[in-house]
Amino acid sequence: MAIVLTNTLSGRKEALRPREAGHVRLYWCGVTVYSRAHVGHARFLVVADLLVRHLLARGLRVTFVRNITDVDDKMIRRAADENISVAELADREIAAFAADIRPLGCLSPTHEPRATRHIPHMIALIETLIEKGLAYAVPDGSVYFRVRRFPGYGKLSHRHLDDMEAGEDVEPAKEDARDFALWKGAKPGEPTWETPWGPGRPGWHLECSAMSAHYLAQPFDVHGGGSDLIFPHHENEIAQSEAAAGVPLAHLWVHNGMITFGADKMSKSLGNVLNIAKVTEDAPGEALRLLFFGTHYRAPLDFGPGRLEEAARSLERLYESLARADEMLGGRPAPVAPAGALTGTLSPFLTEFAAAMDDDLNAAKALGLVFDRMRELNRAVDSGDRVTVAALRADFARVAAVWGILGEDPATFLAAQRARGSARAGLSAEDIAAAIEARNEARGRKDFREADAIRERLREQGILLEDTPSGTVWKAG
């Protein structure tokens, strides 16, 4: 077994070789909690979860750290607008974040540190950089990193320092316009902490360097996040962490592509936000995961009209196949835990599935295998081949553990989908049953025009009918 991931630092696929055999230390940049999380956040959460689940499934132990930024410029402005403290805003939004992402089915991180609870670690890191001449304090209490004294600056984003524009904080006190803030001097109305160089608050980049080193030690195995963080955030993390410790920060740097909406990157500032909470009201969280799996994690993904609905229909078809298998077998298999789900003797299908996932988390290729096997499962059910049905059903229990989908009781899931569809259509289950009965009566008297009209009216309301050997069934469209 060899798990390979595309390393942004080298631009190549590289084998994952944990520093400690059998134990992967993983840090993934989390959210800044100034407002509700959107589907762009959902993608990085699901990509990180997919990686963690696959590592566990292949028999590895994982220490997974995903941070929360609970103080920054946006939070300070938002708290001032609402006339509450930054701490109050953070507590409220962290609780909302936890509730919003629950439908995504992500495993909890081993540690989920908040930046403001690790100020001493940040101060210690700054002191080390100042002692080494790599950082300097200015009269207002701010501290900046000297980028020209770190020769490797730009290696992650593959940029040359002299070609870069000035940094985020254009301050006259800077020695070089490209220097970035490690610490920001106190300003009226902002939360502050005492330091040897004066009161203030941490810079954004500093937080992750301090927390990742504290929980994982340096160097650790994998650092990940959205591709929008490559520069300047992750570039600055590398500079301050490696300059202080003299060793790499992480061996592999993994970045997921952005969610787009038309021509724009999905973001709060563009106003084209789709909140996770809203999206998972209209479709199951598993449908969102399935949508993400269909595009390689490093590629951009367009969240255009109809994409989520299409994924929801595909998910429903998969559950329908599992429901048929469970009906034949008289029950569903016991749930499988992620740990070890892809170890031991594997079926040919699971061997191919695992190989696709080992190859840079190629869930899109693995998804094709899943649909192929689902068709095989349906054929086996149709032919009454209980042995094949039982074997494939057991395989899908393992897929559910690795992917975080298809793990619910199929009958319960499909009933919930019907309820969701009838509510969205503004129809009760009784209304739909009555319409189906009226259509059946029209067909009985050979009034096919009326039967088709009933079917079309239901379709326009989001209810799709399907005629089967056992009668007419419906689903949300």
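Residues numbered from 1 in each chain as written. Predicted model: local features only at pLDDT ≥ 70, side-chain atom pairs only at ≥ 80, totals over all residues. Heavy atoms only, no water.

Here's the deal with empty space enclosed by the protein
Okay, step 1: Inspection of the entire model under this criterion finds 2 cavities of 30 Å³ or more.
Okay, step 2: Considering only enclosed or pocket space, the largest cavity measures out at about 90 Å³ in volume.
Okay, step 3: Lining the largest cavity are Arg43, Val46, Val47, Leu50, Phe292, Phe293, Thr295, His296, Tyr297, Leu361 and Ala363.
Okay, step 4: Contributing elements (two or more residues each) for the lining of the largest cavity: helix H1 (39–57) and helix H8 (285–293).
Okay, step 5: With 4 residues, H1 is the largest single contributor of residues to the lining of the largest cavity.
Okay, step 6: Tallied by class, residues from the lining of the largest cavity come to 8 nonpolar, 2 polar and 1 charged.
Okay, step 7: Of the volumes computed, that of the second largest cavity is approximately 30 Å³.
Okay, step 8: As for the second largest cavity, its lining consists of 10 residues, of which Val31, Val33, Ser35, Ala37 and Phe97 are closest to the centre.
Okay, step 9: Those elements that provide at least two residues to the lining of the second largest cavity are strand S3 (23–32) and helix H3 (86–101). (1 Å grid on protein atoms, 1.4 Å probe; cavity = no way out; pocket = protein on both sides within 12 Å on 5 of 7 lines; lining within 4 Å. Points joined across faces, edges and corners; volume = space filled by probe spheres on them. Helix = DSSP H or I, 4+ residues; strand = E, 2+ residues; numbered from the N terminus. Nonpolar A, V, L, I, M, F, W, Y, C, P; charged D, E, K, R; others polar.)

Considering the sheet that holds S3
Okay, step 1: If you walk across this open sheet you meet the 4 strands as S4-S3-S9-S10, and the pairing is parallel. Across the chains shown, the open sheet's two edge strands, defined by having one partner strand only, are strand S4 (61–69) and strand S10 (250–256). Strand-to-strand twist across the sheet, computed as the mean angle between neighbouring axes with direction ignored, equals 20°.
Okay, step 2: Two elements, strand S9 (residues 220–226) and S10, share 6 bridges in a ladder whose sense is parallel. Note that in S10 the partner of His223 across the bridge is Trp253.
Okay, step 3: With respect to the sheet, H1 is in contact with S3, S4, S9 and S10, its orientation differing from that of S3 by roughly 170°.
Okay, step 4: Sheet strands touched by helix H6 (residues 230–245): S3, S9 and S10. Its angle to S9, the strand with the most contacts, is close to 160°. (Pairing = 2+ DSSP bridges. Axes fitted to C-alpha atoms, helices over the stretch in contact; angles between N-to-C directions. Contact = heavy atoms within 4.5 Å.)

Notes on the packing of aromatic side chains
Okay, step 1: Throughout the structure, instances matching the rule amount to 10 aromatic pairs.
Okay, step 2: Relative to Trp403, the ring of Phe293 has its centre 4.8 Å away and its plane inclined at 40°; by these criteria the two rings are tilted. Remark: Trp403 occurs in helix H12 (residues 386–403) and Phe293 occurs in helix H8; sequence separation between them is 110 residues. Across this residue pair, the class does not change: Phe293 and Trp403 are buried.
Okay, step 3: Aromatic side chains Tyr319 and Phe413 sit 3.9 Å apart centroid to centroid with 20° between the ring planes, which places their arrangement in the stacked category. You can see Tyr319 sitting in helix H9 (residues 307–329) and its partner Phe413 sitting in helix H13 (residues 410–425), a full 94 residues away along the chain.
Okay, step 4: For Tyr319, a relative accessible area of 0% puts it in the buried group.
Okay, step 5: Three or more aromatic residues joined by ring pairs make a cluster, and in this case those are Phe293, Phe349, Phe353, Phe396 and Trp403. (Phe/Tyr/Trp six-rings, centres within 6.5 Å; stacked < 30°, edge-to-face > 60°. Buried < 20%, exposed > 50% of the residue type's maximum accessible area, 1.4 Å probe, protein only.)

Some words on the sheet that holds strand S5 (residues 135–137)
Okay, step 1: With respect to topology, 4 strands assemble into an open sheet ordered S5-S6-S7-S8, the strand pairing being antiparallel. The open sheet terminates on both sides in strands that have one partner only, identified here as S5 and strand S8 (200–202). Averaged over all pairs of adjacent strands, the angle between strand axes in this sheet comes to 20°, irrespective of strand direction.
Okay, step 2: Judged from the 3 bridges that link them, S5 and strand S6 (residues 143–145) form a sheet pairing that is antiparallel. Opposite Tyr136, over in S6, you have Tyr144 as the bridge partner.

Describing the nonpolar core
Okay, step 1: Counting residues in each nonpolar core, the largest one holds 94 residues, and the members touching the most others are Trp28, Val222, Leu288, Phe353, Phe396, Trp403 and Leu406.
Okay, step 2: A per-element tally of this core places H1 first, with 13 residues.
Okay, step 3: Here Val222 is in contact with Leu5, Leu16, Val24, Arg25, Leu26, Tyr27, Leu51, Ala250, Leu252 and Val254, once residues within four sequence places are set aside.
Okay, step 4: Judged by nonpolar contacts, the second largest core, of 39 residues, contains Leu134, Tyr153, Trp183 and Ala239. (Core = buried A, V, L, I, M, F, W, Y, C linked by side-chain atoms within 4.5 Å.)

A short note on helix H5 (residues 204–216)
Okay, step 1: Taking 1.5 Å of rise per residue, the 13 residues of H5 would be expected to cover 18 Å, and the 19 Å separating its terminal C-alpha atoms lies within 8% of that figure.
Okay, step 2: Backbone geometry just downstream of H5 places Ala217 in the positive-phi region, at approximately 65°. (Expected span 1.5 Å × (residues − 1).)

A few points about the side chain of Arg201
Okay, step 1: Tracing the backbone through its elements, the reader meets Arg201 in strand S8.
Okay, step 2: On the basis of relative accessible area, Arg201 is assigned to the buried category, the value being 4%.
Okay, step 3: There is a polar contact of 2.9 Å between the side chain of Arg201 and the side chain of Glu190.
Okay, step 4: Dropping the residues within four chain positions of it, Arg201 is found in contact with Val71, Asp72, Asp73, Ile76, Trp183, Lys184, Glu190, Pro191 and Trp193. (Polar contact = N/O pair within 3.5 Å; in protein donor to acceptor, adjacent residues only side chain to side chain.)

Let's talk about the state of the cysteines
Okay, step 1: Under the counting rule described, the total for this entry stands at 0 disulfides.
Okay, step 2: Here Cys106 is not disulfide-linked; the sulfur of Cys29 is the nearest cysteine sulfur, at 16 Å. (Disulfide = S-S within 2.5 Å.)

Observations concerning the layout of surface pockets
Okay, step 1: In this model, the second largest pocket occupies a volume close to 670 Å³.
Okay, step 2: In terms of residues, the lining of the second largest pocket owes the most to one element, H9, which gives 8 residues.
Okay, step 3: Residues belonging to the lining of the second largest pocket are distributed by class as follows: 7 nonpolar, 4 polar and 12 charged.

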